[in-house]
Amino acid sequence: MTAAMAADRVRLLYAGLPLAILSHFLIAAALIPVLAGHTTDHRAWLWGGLLMAALCYRALISLQERRTPLDEANSHIWLYRFRFGAMATGCVWGLASLLLFPDGDIEKQLLLCFALTGLMAGAMASLSVDDLSLYGFTVPMLVPLFYQLGTADNGVALSTLAAVLAFLAFMAVSARRFSVSEHNNIRLRHEMQWRESELRRYEFIANTVSDLMGVISHDRRYEAVNDSWCRMMGKARESVVGERVESVWQAPLEVTEALTRCFSAGTQESLQTTIDFPAIGGRECFIACYPYRQQSGEVTHVVIVTRDITDLARSRRELEEARDVAERASRAKSEFLASMSHELRTPLNAILGFSQLFVMDETLSEDTRNCAGEIERAGHHLLALVNDLIDLARIESGNMDLTLEPVEVKSVIDHSLALIAPIAKKQQIRLLSAFAGVEAVRIHVDAVRLNQTLINLLSNAVKYNMPSGTVTLAARVEHGRIRISVTDTGKGIDAAAQSRIFNAFDRLGAERGTVEGTGIGLVITRRIVEAMGGSIGFSSTVGRGSTFWVEFPVCADRDVAMIDALATTELPATEATLLYIEDNEVNRWVMRRLVASRTSLHLLEAASAEEGIALARNALPDLILMDINLPGMDGYQALSVLKNMPETRDIPVVAASANAMKGDGDKGLAAGFDAYITKPVDARKLLAVVAQTICR
């Protein structure tokens, strides 16, 4: 039993209490004069006083219950008070059988029995909702009477006792039925109240939502609609409920068909259509039909929910259009970057190629070769600058190009220090290094990006250093990771500004000084390092300088073994023929000089794809090195022709192109090239690839 039902039971007990008090008083007032002659006066008055005390107590708690609202929290207290009053009254009536019993007067004995039996019947009717109150009143009242009748020495008393017991049994059965009935009434009343409360709650929810909701019966009549439905349709609820759907509004055909399927098949239906609302005109809507089934499985009602998605559909179309515009802009940007990369890399190929040839030409003087080395180093630096410009655009678009491979850390450090040395010397900054023990360490990174990272950190350390300061580049290996750190003796970074160090275009106040910069170098560096699987951090003390560091996992031993195997690859001792298909005369001239220093290689040249295909078919070279951007037929088309001809299908083909955007290499390998080399071509790397390809 719930607390609310228990409170209702107590209220029912107290509701009948005033009538019970009155009946007790009247019966007592009628009995005392009749029975007083069979006992002493003080017994009669004593019993009358006790009864009045019990009735006054019950009258008092009845008045208090009316003045103090009875609720679920205190109903048990009022129930205990009521039970005590009922038990006290029953005990007083039991004393009547002991103190006022008329010995020898059969008529007055019967009168007392009838009075007490009447009280018992009334109690069973009014107290049946609480068994303890009923038993607490009737048992103390009837036990003394039964004792007096049972011990009386006459047949009438025994007959009266039997009749009272039979009547008591009958009343007990009736009281039990009445009790069950009262409990059911209380339960049903609470269920009705709960259902009404839930119905009001659901009505409130339905009327609060902006969706149009309607309940349709099996005969296509509206049984309920919410406020949104009435507002959008411009109709009062009273004029809609009970009317057929087609008489209320002209529903689109697809809505009628969905409603029919929902009733016949019992399936949930949904659709999107345009509805012409009287209040606001045509709107794009999403409609869902939900079948309601009885326990028998029959669909008796359908709930139709209509949602206005006009604004959502418009936003979706605008987003799709914006996405298409962004994709077109991204493609245009990628095409521009690819074109710009190709146009900038092509002349650099000649610069770096000739400088490498001069460095490798032992017939030249040492001074000339050193100058050529400086040209090569400067060319590579220029190439890095070109890459930086392209990297910025790639990072902004989220398309950063990385070629991860095992790289020797020491060579990258030496190269970075060599490039930064002239700048440091010009600003009178001393460069120091401390990386003993890492000579053979290799990490899986993009060598160009790692070099770019170190140069950026070193250049920042030089630019923001104190006059005649020092910059220290250190490296150490701990727990399978190598940390490369760059430490300067500059002013340091204030603690309040350190959280902004990796914010784009935030130079932490340096823009007011004389040091030039854009404020994006560290942003690019951080993204590059993290994209290569590393981490970057720093520590700084005002007045003492700063230390920036990057960490990467060290390559496993098996990776080092693969690198060593590649480094020791030699050109075949037997002669081999290399066909170079390239439309740029300068690039072909560089290749001639490169191959001329290798007596085991014989070079064939072609200026177009068509010429190269014909030459390959006749000469059957051991390797074909081909540019992608050829006039007329491009490299991919030429590769397809070569692979489809029986004479040339097994000849390895290597791409050598200035197309170095993200995905170009993968695209080339997927097309069927055996290797993909980007321009400017590194002579040593080219020879290694040629050796590997021919030796397969």
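Structure: see above.
The structure displayed is predicted, hence computed values, not measured ones. (Residues numbered from 1 in each chain as written. Predicted model: local features only at pLDDT ≥ 70, side-chain atom pairs only at ≥ 80, totals over all residues. Heavy atoms only, no water.)

**So, the pairing of strand β15 (residues 623-626)**
Part 1 of the reasoning: The side-chain alternation of β15 yields two buried faces, one formed by Leu623 and Leu625 and the other by Ile624 and Met626.
Part 2 of the reasoning: In this structure, strand β13 (residues 576-581) lies alongside β15, joined through 4 bridges in parallel fashion. In the sheet register, Tyr580 faces β15, and the bridge partner there is Leu625.
Part 3 of the reasoning: In the sheet, β15 pairs with strand β16 (residues 653-657) via 3 bridges, with the strands oriented parallel. Each bridged residue has a counterpart across the sheet, and for Ile624 the counterpart in β16 is Val653.
Part 4 of the reasoning: Handedness of the β-α-β unit built from β15, helix α19 (residues 635-644) and β16 comes out right-handed. (Buried < 20%, exposed > 50% of the residue type's maximum accessible area, 1.4 Å probe, protein only. Helix = DSSP H or I, 4+ residues; strand = E, 2+ residues; numbered from the N terminus. Pairing = 2+ DSSP bridges. Right-handed = clockwise from strand over helix to strand, strands pointing away.)

**Things to note about the pattern of salt bridges**
Pairs can form between side chains of opposite charge once their charged atoms are near each other.
Part 1 of the reasoning: The full count for this structure, using the stated rule, is 20 salt bridges.
Part 2 of the reasoning: Between Asp308 and Arg283 there is a salt bridge, with the nearest N and O atoms lying 2.9 Å from each other. With Asp308 in strand β5 (residues 299-308) and Arg283 in strand β4 (residues 281-293), this residue pair connects regions lying 25 residues apart in the sequence.
Part 3 of the reasoning: The closest approach of N and O atoms between Glu284 and Arg317, which form a salt bridge, is 3.6 Å. Residue Glu284 is found in strand β4, and its partner Arg317 is found in helix α11 (residues 310-360); the two are separated by 33 residues along the sequence.
Part 4 of the reasoning: With relative accessibility at 21%, the residue Glu284 sits in the partly exposed group.
Part 5 of the reasoning: Sharing partners across several salt bridges, the network here consists of Arg283, Asp308, Asp311 and Arg314. (Salt bridge = Lys/Arg side-chain N within 4 Å of Asp/Glu carboxyl O.)

**So, the packing of aromatic side chains**
Part 1 of the reasoning: Considering all chains together, one arrives at 7 aromatic pairs under this definition.
Part 2 of the reasoning: Taking 5.1 Å as the distance between ring centres and 70° as the angle between the ring planes, the aromatic pair formed by Trp47 and Trp93 counts as edge-to-face. Taken as a pair, Trp47 in helix α3 (residues 41-67) and Trp93 in helix α4 (residues 75-99) lie far apart in primary sequence, 46 residues in all. Trp93 matches Trp47 in its accessibility class, with the two residues each being buried. (Phe/Tyr/Trp six-rings, centres within 6.5 Å; stacked < 30°, edge-to-face > 60°.)

**Brief notes about the pairing of β13**
Part 1 of the reasoning: Summarising burial for β13: 6 of the 6 residues are buried, a large majority.
Part 2 of the reasoning: Burial along β13 is two-sided: Ala576, Leu578 and Tyr580 facing one way and Thr577, Leu579 and Ile581 facing the other are all buried.

**Focus on the side chain of Ser62**
Part 1 of the reasoning: Note that Ser62 resides in helix α3.
Part 2 of the reasoning: Setting aside residues up to four positions removed in sequence, Ser62 forms contacts with Tyr14, Leu17 and Pro18. (Contact = heavy atoms within 4.5 Å.)

**Overview of the nonpolar core**
Most often, soluble globular proteins keep nonpolar side chains buried together rather than apart.
Part 1 of the reasoning: Counting residues in hydrophobic clusters, the biggest one holds 45 residues, and the most contacted among them are Trp47, Trp93 and Met141.
Part 2 of the reasoning: The contact partners of Trp47, leaving out residues within four places of it in the chain, are Ala28, Ile32, Val92, Trp93, Leu95, Ala96, Leu99 and Leu100.
Part 3 of the reasoning: Formed by 39 residues, the second largest nonpolar core is a distinct cluster that contains Phe435, Val441, Ala461 and Phe552. (Core = buried A, V, L, I, M, F, W, Y, C linked by side-chain atoms within 4.5 Å.)

**A few points about the sheet that holds strand β11 (residues 535-541)**
Part 1 of the reasoning: Ordered by their spatial adjacency, 5 strands build an open sheet running β7-β9-β10-β12-β11, and the pairing between neighbours is mixed. At either margin of the open sheet sits one strand with a lone partner, and together these are β7 (430-434) and β11. Taken over all neighbouring pairs, the strand axes of this sheet differ in orientation by 15° on average, direction set aside.
Part 2 of the reasoning: In this sheet, strand β10 (residues 481-488) lies alongside strand β9 (residues 470-478) in antiparallel orientation, the contact comprising 8 bridges. Its bridge partner lying in β10, Arg476 is registered against Arg483.
Part 3 of the reasoning: Packed onto the sheet, helix α13 (residues 409-426) meets β7, β9 and β10 and runs at close to 170° relative to β7. (Axes fitted to C-alpha atoms, helices over the stretch in contact; angles between N-to-C directions.)

Function cannot be inferred from these measures alone, as they are strictly geometric.
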